[in-house]
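Below, each chain spelled out in residue letters.
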Amino acid sequence: MLPSLNDDATGLVAVTIDLSGSISQDQGEQALAEALSVCQSLNLRLVVGSCDTQHYGFDEYQVGDPFPTLKGGGGTDFDHASEVLEDFISEGNDVRVHLFITDGDTISWGREVVPTIWGIHSNFAIQPPFGHRVDIPQEVTA
């Protein structure tokens, strides 16, 4: 699903981090760090945003940039995230895949705008209604 390394026009990977009340800031930052690491190692262009019942927009992230500021803390509904992604694409942004990191505790999954990869942590019983699911193991602290 990710853009090919041999593709001259790789487009963007949009990453949305669910930071609703059921997810700690540490969980969100751990998941984002893993996503950033994969995108950096594959040299992919990345935009990052966060959401709860609202999506707070996308900011481009490049290697060496400060860690993005993430917002959230409310309920969980991904309908607005779908709308924001559609608007972002309609502004001329070539998003090829949407990586959505969540615990899956939501009242609405929104809709698939581009191919979607769901990074699910904390709740491995959840199956999203569309896209490809990837489990994110929790970090073990000693």
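All figures in this text were calculated on a predicted structure; none of them were measured in a lab. (Residues numbered from 1 in each chain as written. Predicted model: local features only at pLDDT ≥ 70, side-chain atom pairs only at ≥ 80, totals over all residues. Heavy atoms only, no water.)

### Quick notes on the pattern of salt bridges
And then number 1: Throughout the structure, instances matching the rule amount to four salt bridges.
And then number 2: The closest approach of N and O atoms between Arg 45 and Glu 60, which form a salt bridge, is 3.6 Å. Of the two residues, Arg 45 is situated in strand E2 (residues 45-51) and Glu 60 in strand E3 (residues 59-61); the sequence distance between them amounts to 15 residues.
And then number 3: Given a relative accessible area of 43%, Arg 45 falls into the partly exposed group.
And then number 4: Exposure remark for Glu 60: the relative accessible area of 41% places this residue in the partly exposed category.
And then number 5: Across the pair Asp 135 and Arg 133 runs a salt bridge, and its minimum N-O distance is 2.5 Å.
And then number 6: We classify Asp 135 as partly exposed; its relative accessible area is 42%. (Salt bridge = Lys/Arg side-chain N within 4 Å of Asp/Glu carboxyl O. Helix = DSSP H or I, 4+ residues; strand = E, 2+ residues; numbered from the N terminus. Buried < 20%, exposed > 50% of the residue type's maximum accessible area, 1.4 Å probe, protein only.)

### As for the confidence of the model for the chain
And then number 1: The pLDDT averaged across the chain works out to 83; a share of 88% of its residues lies at or above 70.
And then number 2: Of all helices and strands in the chain, the one with the weakest mean pLDDT is helix H1 (residues 25-41) (76), whereas helix H2 (residues 79-90) scores best (96).
And then number 3: Low pLDDT, under 50, characterises residues 1-8; the predicted model gives this stretch 19 contacts beyond four residues in sequence or across chains. (pLDDT = per-residue confidence, 0-100. Contact = heavy atoms within 4.5 Å.)

### Here we look at the sheet that holds strand E4 (residues 95-102)
And then number 1: Taken together, the six strands give an open sheet; going across it, the order is E3-E2-E1-E4-E5-E6, and neighbouring strands pair in mixed fashion. The two strands at the open ends of the sheet, each matched to only one other strand, are E3 and strand E6 (132-135). Each strand axis lies, on average, 25° off the axis of its neighbour in the sheet, ignoring direction.
And then number 2: Sheet analysis places strand E5 (residues 116-120) next to E6, joined by four bridges and oriented parallel. (Pairing = 2+ DSSP bridges. Axes fitted to C-alpha atoms, helices over the stretch in contact; angles between N-to-C directions.)

### Re H2
And then number 1: With twelve residues, H2 should reach 16 Å at 1.5 Å per residue; the first-to-last C-alpha distance of 17 Å fits that figure.
And then number 2: When H2 is considered as a whole, its buried residues turn out to be Ala 81, Ser 82, Val 84, Leu 85 and Phe 88. In an axial view of H2, the angular spread of the buried residues amounts to 165°, which keeps them on one side of the axis.
And then number 3: Gly 92 sits one or two positions beyond H2 and adopts a positive phi of about 100°. (Expected span 1.5 Å × (residues − 1). Arc of directions from axis to C-beta.)

### Section: the pairing of E5
And then number 1: Burial of E5 is extensive: five of the five residues sit out of reach of the surface.
And then number 2: Residues Thr 116, Trp 118 and Ile 120 line one face of E5 and the alternating positions Ile 117 and Gly 119 line the opposite face, and both faces are buried.
And then number 3: In the sheet, E4 pairs with E5 via five bridges, with the strands oriented parallel. Directly across from Leu 99, in E5, lies its bridge partner Ile 117.

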